[in-house]
Amino acid sequence: MAILSKDEAKKIIDKVLSYSKADEMSVGLNGSRTGNIRYARNSVSTSGESDNLGLSVTAVFGKRSGTATINEFDDASLEKTVRRAEEIARLAPENPEYMPMLGPQTYLETATYAESTAKINPEFRAQAAFDSIDPCKKKNLTAAGYMEDSTGFSAIGNSKGLFGYNKSTNVDFSITVRTADGTGSGYANPDVTDISKLSTKASTEIAMQKALASVNAKALEPGKYTVILEPTASVELLQNMMRSIDARSADEGRSFMSKKGGGTRLGEKLFDERVTIITDPMNADLPLSPFGGGGGGRFGGGGGEGIPQEKRTWIENGVVKNLAYSRFWAEKKGVKPVPGPSGFIMMGGTQSLADLIKSTDKGILVTRFWYIRAVDPQTQLYTGLTRDGTFYIENGQIKFPVKNFRFNESPVIMLNNVEALGKPVRAGGNLIPPMKIRDFTFTSLSDAV
Amino acid sequence: MNRRDFNQLLGMGAAGMVMSNLPAFSRSVPAEALLEPGMDVSKKKRLADAALNAAKAKGATYADVRIGRYLNQFVLTRENKVQGIINAESYGVGVRVIANGCWGFASVGDARDESVVAKAAETAVNIAKANARLLTEPVQLAPQKGFGEVSWKAPIKRNAFEVPVKEKVDLLLAANAAAMQNGANFVNNVLFQINEQKYFASTDGTYADQDIHRIGPNFTVTAVDPANGRFSTRNSLSAPMGMGYDYLQTNPADKVTGVTTRYNKGYDMMEDIVAAAKQAKEKVSAKSVEAGKYDLILDPSHMWLTIHESVGHPLELDRVLGYEANYAGTSFATLDKWQTKNFNYGSKEVNFFADKIQPGSLGAVGWDDEGVKTKKWDLVKDGILVNYQAIRDQVHIIGEKESQGCCYADNWSSVQFQRMANVSLAPGKTPLTVDQMIKDVKKGIYIIGDGSFSIDQQRYNFQFGGQLFYEVKDGQIVGMLKDVAYQANTREFWNSCVAVCDERDYRLGGAFNDGKGQPPQSSAVSHGSSTARFNGVNVINTARKI
């Protein structure tokens, strides 16, 4: 039984803590059940399911810490694990950046769990795959897809009285549809907390439509173009930028948030005034784990130090409002610790993607970017390519598919060249608006489909 | 516990990225546990037979079992601090079967009892039978003779786990101090050590006990110019190797001197980090490249990644066939091109071979994860595409009678599938040194070390950066450049190869974490080459203002 209730988890954590002889001790208890199904060439290739339950104990003496893990829960095993963590801690080198553990915290009740997702079984997965493969077969298209569902819980506790528990579910689905002759390709990649909000058939139909529409792409010269970026395209660039929004590297002078002459760019206007990015664990469309810091993820899974997550504004009207501060760096700088953003919301407007296309004289619709890699962390310059459907827009209409481009662009420059923002939708565990961006830099052409 | 959970349980944000290298279901253990011998081979055979017999009794026409113990030690430091020491072990058994013409797989952690392993085998058969209902093409498994009870051990001189942790910490901290004394502002320095103890058995009659070792020292030195708000980094010129701690024993014969020192099978961390500190500073104020066409001279420490992306991946048969269409992508190197027997992948200078046997390489093993004895084979001969990388259930598609032996699973809990072998550029046949090569270049850039990399999903268009860029004018190296990246089309690029230095310059580079599959699995692979020259490649300037 991989999913323990709050009471069951607390009982085990309390027992572990009762064995402690260390100065401080923290316990993480995690369980998950994940299942997946994969298909390619219109046929299921692999499927599987796994249950895991694991306990981790961290013992601390002074500034020395040691961690031991186990997946057996009888008293003798728990006590043995505590002793082993203590033994490892005594032998560990001192960590001068060690921060004493937090005391009791109050956590939000976030809606990260959906019973419907927890009930997914192998038959459900097979049906989801069938619903995706079948329409493709009927249209002589080739489907390759993957669905992974996870249900889990995460509990944390420590010898200073902190305790937190969260249960969560998630489903990621991705589908690539290709034409039989390989000249067209389309993609969709929804993620949901609640499986009842996902239709593999509907997502596949989007990918099918893109595959058929992208056949016989024409080559355009590389250069600077006005682009409309679907959220599936822009998400990774934005995620990369948000992951780099860390105070310490900025203070150390090795970040795009570093200020010339020293310090950070906190408080500076770095982006177009329409750019506002927040995190909000209570958002109904994007519920997040209630604890963070040192590894607290969207799906629970630890929570590390157990800093409570709260609603936070990172960028407001183009101005940098918050940087992530580890507890060590926050103390050094005399500020409050701020866990890094995971699962952010970029505010937008009310326009749909279709509205953005309609208002465009000349431009390129990008449905997906791929193989994005950092080129220069100083300027947040990234390179990557368009993939699975890129289209030329003229006079408010999609005119024809175009060959894929390689880009070299910085999300910082991109968010200064905003023409319009649409209504945010969930993409890759974030809420992101479709965006119209001017002067986006494409540097070469690719023959890939 | 999965990898993500383990990261989070450790509660070490700084080490988070590093942790993702751990195998699935790893548990933290004391360092001494890494030297414990593990299960006796006779016990492994009993477990394996229990699984094979149970699978056959349930109706499997083929079965294999992998009993795996995966040991990892990571030492993580920055400047004068130890950020973490991770000792981890993952142990379990995976059983794969064919029943009703379909694959089935099941795995079980901590399995030490024959009945538990037999049950996993039965589950695998049940899964195969269930999936057979959706089957369109029954598995065609290339025949493979059994080898009986055999073993293979990586030719290491010193097991890294026998070296006290303190000795490793002392080395890393001394190196960091040397970097700081030579102008570095920051240093991150890590040491990865891996031991895979794998036992494979199949109904073909092979029982292979293998002991695989890998080591990967890796640092990044950062130099900051706060007045101008600029910074630069220089990564280590080490390679991850299929070696023991002997890789860290310096040896003059393993040094390649020149504009900067590079290393073959013995890495001098102290020397490299001092050079890195000076070069990171030099890079901050180096000349920004002028975009345009240049002849490129690519060092093996850089070349491995270009080979990996533009040759290794497109010649994986599962990509060619479309099995990776939804993730890693497909390939431009389609079967019809191969069938013409005259598809110019590269110029006549270009010969690529695949292998799982080069001593010291990350891919080297005795038998692959489906009991095939490993070997070496040609992929591109005198510029012409001649073969792919394929495994037992694929080789019939390319008319081969036996597998090439490149099947791999990253863990006992993962199902094995086709993974990249070592793919290497053969050295030139006529004597040629790097100095001789540079002497003929009028306008060129000499690139050392790997950097940024990106390639499209069919492996046509790529862009690569590097660690060190030197401008070459009229046969001379005239100074350092920065903001360099080159873009090319795979086929045009390899056809622009005009010379490859001879075998004296041949070295391996590689990666621990080549990703493929859903759920993703990682694999370690090396790529060898000598320095090579490419004419008229498009170089862009990557400097921007924000």
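Sequence positions are assigned chain by chain, starting from 1 and proceeding in written order. Think of it this way: whatever chain is written first is A, whatever ligand is written first is 1, and the rest follow in order. Only residues with pLDDT of at least 70 get local features here, since the model is predicted, and only at 80 or more are side-chain atom pairs given and counted; chain-wide, interface and lining totals rely on the full set of residues.

1. Regarding the overall build of chain A
Helices and strands together make up the secondary structure of chain A, namely 10 helices and 24 strands. For 449 residues, the compact-globule estimate of 2.2 N^0.38 gives 22 Å, and chain A sits close to it at 24 Å. Dimensions of chain A, computed from the C-alpha atoms along their principal axes, are close to 70 × 60 × 35 Å. Buried residues are those with 20 or more other C-beta atoms within 10 Å of their own C-beta, exposed residues have 12 or fewer, and partly exposed residues lie in between; C-beta atoms are placed from the backbone. Residues counted as buried form 56% of the 449 residues belonging to chain A. Partitioning the contacts of chain A with sequence separation of at least 6, the portion at a separation of at least 24 is 72%. Put simply, DSSP marks the helices as runs of H or I at least four residues long and the strands as runs of E at least two long, and each gets a number from the N terminus on. Each radius of gyration reported is based on C-alpha atoms, and the globular scaling rule is 2.2 Å times the count of residues to the power 0.38. Distance between backbone-placed C-beta atoms decides contact: two residues are in contact if it is within 7 Å.

2. Things to note about the overall build of chain B
Tallying secondary structure elements over chain B gives 11 helices and 28 strands in all. Since a compact globule built from 546 residues should have a radius of gyration of about 24 Å, the 24 Å found for chain B is in line with a globular shape. Its C-alpha atoms give chain B principal-axis dimensions of roughly 70 × 60 × 45 Å. Within chain B, the proportion of its 546 residues that are buried is 61%.

3. What to know about the domain arrangement of chain B
Residue and element names in this part refer to chain B. Start and end positions for the domains come from either an automated domain assignment or a database one. The domain architecture assigned to chain B consists of domain 1 (3-165 + 188-215), domain 2 (218-286) and domain 3 (292-541). Between the C-alpha centres of domain 2 and domain 3 the distance comes to 23 Å. The partner domain 3 presents 24 residues to the 18 residues of domain 2 that form the contact. Of all the secondary structure elements, the ones that give two or more residues to the side of domain 2 that touches domain 3 are β8 (230-235) and α6 (269-284). Tallied by class, the residues present in the side of domain 2 that touches domain 3 amount to 7 nonpolar, 6 polar and 5 charged. Ten residue types, Ala, Val, Leu, Ile, Met, Phe, Trp, Tyr, Cys and Pro, are classed as nonpolar, four, Asp, Glu, Lys and Arg, as charged, and the remainder, Gly among them, as polar.

4. Some points on the domain arrangement of chain A
Residues and elements named next belong to chain A. Taken domain by domain, chain A holds domain 1 (6-212) and domain 2 (217-238 + 348-445). The distance between the C-alpha centroids of domain 1 and domain 2 comes to 31 Å. Counting residues at the interface gives 7 residues for domain 1 and 8 residues for domain 2. Take the side of domain 1 that touches domain 2: its biggest share by element is 3 residues, from strand β6 (residues 185-188). The residue makeup of the side of domain 1 that touches domain 2, split by class, is 1 nonpolar, 4 polar and 2 charged.

5. Things to note about the packing of helix α5 (residues 165-181) of chain B against α6 of chain B
Residues and elements named next belong to chain B. Working convention: axes come from line fits to C-alpha atoms, limited for helices to the stretch in contact. Angles between N-to-C directions cover 0 to 180 degrees. Packing of α5 against α6 brings their axes to within 8 Å, and their N-to-C directions diverge by 30°. One element, α5, and the other, α6, form an angle in the roughly parallel class. In this structure, α5 crosses over α6, and the sense of that crossing is right-handed. Judged by residue contacts, L171, A174, A175, A178 and A179 of α5 engage M269, M270, I273, V274, A276 and A277 from α6. Taken together, the residues of the contact of α5 with α6 sort by class into 11 nonpolar, no polar and no charged. Working rule for angles: under 35 degrees goes down as roughly parallel, over 145 as roughly antiparallel, 65 to 115 as roughly perpendicular, anything else as oblique. In this scheme the crossing of two helices becomes right-handed for a clockwise turn of the near helix relative to the far one and left-handed for an anticlockwise turn of less than a right angle.

6. Notes on the nonpolar core
All names here are of chain B. If you look at the biggest cluster of nonpolar residues, it comprises 281 residues, and the most contacted ones within it are A51, A55, V95, V97, A121, A124 and I445. When residues of this core are assigned to their parent elements, the largest contribution, 9 residues, is made by strand β6 (residues 186-202). For V95, the contacting residues outside a window of four places in its chain are A51, A55, A63, V65, A106, A120, A121 and A124. Put simply, a nonpolar core is a cluster of buried Ala, Val, Leu, Ile, Met, Phe, Trp, Tyr and Cys residues tied together by C-beta atoms within 7 Å.

7. Looking at the sheet that holds strand β15 (residues 384-385) of chain B
Strand pairs in the sheet, formed through backbone hydrogen bonds, run parallel or antiparallel to each other. Residue and element names in this part refer to chain B. With antiparallel pairing, 4 strands are arranged side by side in an open sheet as β15-β14-β13-β18. Each end of this open sheet is capped by a strand with a single partner; those strands are β15 and β18 (422-425). Direction of pairing for strand β14 (residues 376-381) relative to β15: antiparallel, over a ladder of 2 bridges. Looking at β15, one finds that K381 is bridged to I384. Each pair of strands is called paired provided DSSP finds at least two bridges between the two strands.

8. Structural notes on the confidence of the model for chain A
For every residue, the predictor assigns a confidence score, pLDDT, that lies between 0 and 100. Overall, the predicted model of chain A reaches an average pLDDT of 93, with 97% of residues at or above 70. Within the model, pLDDT remains below 50 along residues 293-303 of chain A, and this stretch shows 65 contacts once partners closer than five positions in the same chain are excluded.

9. Here we look at the interface of chain B and chain A
Between chain B and chain A, the contact holds 55 residues from the first and 78 residues from the second. Breaking the side of chain B that touches chain A down by element, the ones donating at least two residues are α1 (3-10), β1 (27-28), β3 (81-99), β7 (206-225), β8, β20 (453-455), β21 (461-464) and β24 (484-489) of chain B. Considering each element in turn, the side of chain B that touches chain A owes the most residues, 6 residues, to α1 of chain B.

10. Remarks on the packing of helix α4 (residues 122-138) of chain A against helix α5 (residues 200-213) of chain A
All names here are of chain A. Two numbers describe how α4 lies on α5: the axes approach to 8 Å, and their chain directions differ by 30°. The handedness of the crossing between α4 and α5 comes out as right-handed. Contacts from A128, D131, S132, P135 and C136 in α4 reach T200, K201, T204, E205 and M208 in α5. Counted by class, the contact of α4 with α5 contains 4 nonpolar, 3 polar and 3 charged residues.

11. Describing the confidence of the model for chain B
All names here are of chain B. Per-residue confidence for chain B gives a mean pLDDT of 94; residues scoring 70 or more make up 96%. Under a pLDDT of 50 for its full length, residues 1-18 has, in the predicted model, 59 contacts with residues more than four places off or in other chains. Under the prediction, the complex receives an ipTM of 0.94, its pTM being 0.95.

12. Describing unusual backbone geometry
Across the junction of Q518 of chain B and P519 of chain B, the peptide omega takes the value -5°, indicating a cis bond. Along the chain, P519 of chain B falls in the loop between β26 (507-516) and β27 (521-529). One non-glycine residue, N140 of chain A, adopts positive backbone phi at about 60°. With respect to the helices and strands, N140 of chain A occurs in the loop between α4 and β4 (141-158).

13. Overview of the pairing of strand β3 (residues 64-70) of chain A
Extensive coverage of β3 of chain A is indicated by the burial of 6 of its 7 residues. Linking strand β2 (residues 43-61) of chain A to β3 of chain A, which pair antiparallel, is a turn of 2 residues; within it G62 of chain A sits at a positive phi near 60°.

14. Topic: the pairing of β3 of chain B
Residues and elements named next belong to chain B. Across the 19 residues of β3, 17 count as buried, placing the element largely inside the fold. With 2 bridges connecting them, β1 and β3 associate as antiparallel partners. For S28, the partnering residue across the bridge sits in β3 and is A88. Two elements, strand β2 (residues 62-78) and β3, share 17 bridges in a ladder whose sense is antiparallel. For Y70, the partnering residue across the bridge sits in β3 and is S90.

15. Things to note about α4 of chain A
All names here are of chain A. Here α4 is 17 residues long and its end C-alpha atoms lie 24 Å apart, about the 24 Å a rise of 1.5 Å per residue gives. Regarding α4, the residues found buried are R125, A128, A129, S132, I133 and C136. Looking one or two residues beyond α4, the residue adopting positive phi is N140, at roughly 60°. By this rule, a helix spans an expected 1.5 Å times one less than how many residues it contains.

16. Side note on the environment of S255 of chain A
Residue and element names in this part refer to chain A. In this structure, S255 sits in the loop between α7 (247-251) and β9 (277-279). Taking the C-beta count within 10 Å as the criterion, S255 has 22 such neighbours and is therefore assigned buried. Those residues in contact with S255 that sit more than four places away from it in its chain are S244, D246, S249 and A250.

17. A closer look at α6 of chain B
Residues and elements named next belong to chain B. The terminal C-alpha atoms of α6, which comprises 16 residues, lie 22 Å apart, in line with the 22 Å expected from a rise of 1.5 Å per residue. The set of residues buried in α6 consists of M269, D272, I273, A276, A277, Q279, A280, K281 and K283. Residues of α6 that are buried sit in contact with α5, β7, β8, β22 (468-473) and β23 (476-482).

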